Amino acid sequence: MDLLALADFTLVARHGGFGKASRAARRPKATLSRRVAELEASLNLRLFERGRRDLKLTEEGRALFERAGALLTELEETAAAIASGSEQVRGRLRISAPLLFSQTAMGRLAAEFARRHPEVRLEVTTEDRPVDMIEEGYDIVIRVDPAPDETLVGRPFLHDRLVVVAAPGMPQTTDALVPAIVRGAAAANSWSVVTPQGRSELEVDPVLRLSSLVMIRDAVRAGAGAARLPLSLVSGDIARGRLAHWGDVADSQIALWALYPSRRLLNIRVAAFLDLLRQSFPRAAPEELAAYVDG
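So, a few notes on the structure that sits alongside this text. If you're wondering where the values come from, they're calculated on a predicted model, not measured in any experiment.

1. A look at the pattern of salt bridges
Part 1 of the argument: As enumerated under the stated definition, the model contains 18 salt bridges in all.
Part 2 of the argument: For Glu119, the salt bridge is made with Arg90, and the minimal N-O distance between the two is 3.1 Å. Within this pair, whereas Glu119 is found in the loop between α5 (99-116) and β4 (120-126), its partner Arg90 is found in the loop between α4 (59-84) and β3 (91-97), the two being separated by 29 residues in sequence.
Part 3 of the argument: The shortest N-O distance in the salt bridge between Arg129 and Glu127 comes to 3.1 Å.
Part 4 of the argument: Using a relative accessible area of 39% as the deciding quantity, one classes Arg129 as partly exposed.
Part 5 of the argument: One salt-bridge network, held together by shared partners, links Arg217, Asp218, Arg221, Asp237 and Arg242.

This is the structure we're talking about:
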């Protein structure tokens, strides 16, 4: 396979068209078109569907782009490192992380990563929605209990669980509706709570619906109702008596995962950030994340 033609194909795929790729690389559009056509002929595959105004990857083209893009980038970085005689981590690292983890820990993690690797330009985007790592150009995606994805590999680096908390003066009862603060529009009418005395059901009345777990915690502190929240977010409040721990939510173990596209030729920047996560959370325990919350 012609690696130069493969590189031109990934260039066109990344920019979504021959014209955009030509302008970005400052190379003739006709040359890129010819090289991609030669690659298609050598593979006996159509890699792009060519419309009048747009260019779309075929299923085969998308599969090749997902594999080839990462491999070519790693080859370029390896060649540059060998040529310079340096193993120093450099370049750009893009990460997508969920809102709560970003608010509580990512700022300090990013600062430490920048201190260790000053030649890396780290970009962190905060969002809870599913993202397409290849299409959107992310190197790492951090997610809570992600759905299985055969195109990604990864590892859990933190574990947490949900607990029911309320302001200390709020009565805990199973005989009446409990004012509840919930996240989003959908919510259960009852919560299964586990305490040392056993398991019980709390009937709840959602009095507030808020989109952020930090907002929910603040509303609970203010006495608006009870809520189910991650232990890492409220363990400090429980220890200081600002919140009362009513029990654990049954079957609520959760894990934060760091996902990336491939184990082969693992990007040196990705490997460096994974090492930071392992060192920051060596036991993968909620209390370790809680230290960031209280810090």
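From this point on, the discussion continues.
2. Quick notes on the pairing of strand β9 (residues 198-210)
Part 1 of the argument: In the sheet, strand β7 (residues 178-183) pairs with β9 via six bridges, with the strands oriented parallel. Along β9, the bridge assignment pairs Val182 with Arg209.
Part 2 of the argument: Between strand β8 (residues 190-195) and the antiparallel strand that follows it, β9, lie two residues.

3. A short note on the packing of aromatic side chains
Part 1 of the argument: For the coordinates displayed, the defined rule picks out seven aromatic pairs.
Part 2 of the argument: The interplanar angle of 70° and the centroid separation of 5.6 Å between the aromatic rings of Phe101 and Phe157 together place this pair among those described as edge-to-face. Here Phe101 is found in helix α5, whereas its partner Phe157 is found in strand β6 (residues 153-166), with 56 residues between them in sequence.
Part 3 of the argument: The class for Phe101 is buried, based on a relative accessible area of 3%.
Part 4 of the argument: On the basis of relative accessible area, Phe157 is assigned to the buried category, the value being 6%.
Part 5 of the argument: One residue, Arg94, lies across the ring of Tyr138, its end atom 4.4 Å from the ring centre.
Part 6 of the argument: Here Arg108 stacks its cationic end above the ring of Tyr292, 4.5 Å away from the centre of that ring.

Procedures and definitions
Residues numbered from 1 in each chain as written. Predicted model: local features only at pLDDT ≥ 70, side-chain atom pairs only at ≥ 80, totals over all residues. Heavy atoms only, no water. Salt bridge = Lys/Arg side-chain N within 4 Å of Asp/Glu carboxyl O. Helix = DSSP H or I, 4+ residues; strand = E, 2+ residues; numbered from the N terminus. Buried < 20%, exposed > 50% of the residue type's maximum accessible area, 1.4 Å probe, protein only. Pairing = 2+ DSSP bridges. Phe/Tyr/Trp six-rings, centres within 6.5 Å; stacked < 30°, edge-to-face > 60°. Lys NZ or Arg CZ within 6 Å of the ring centre and 35° of its normal.

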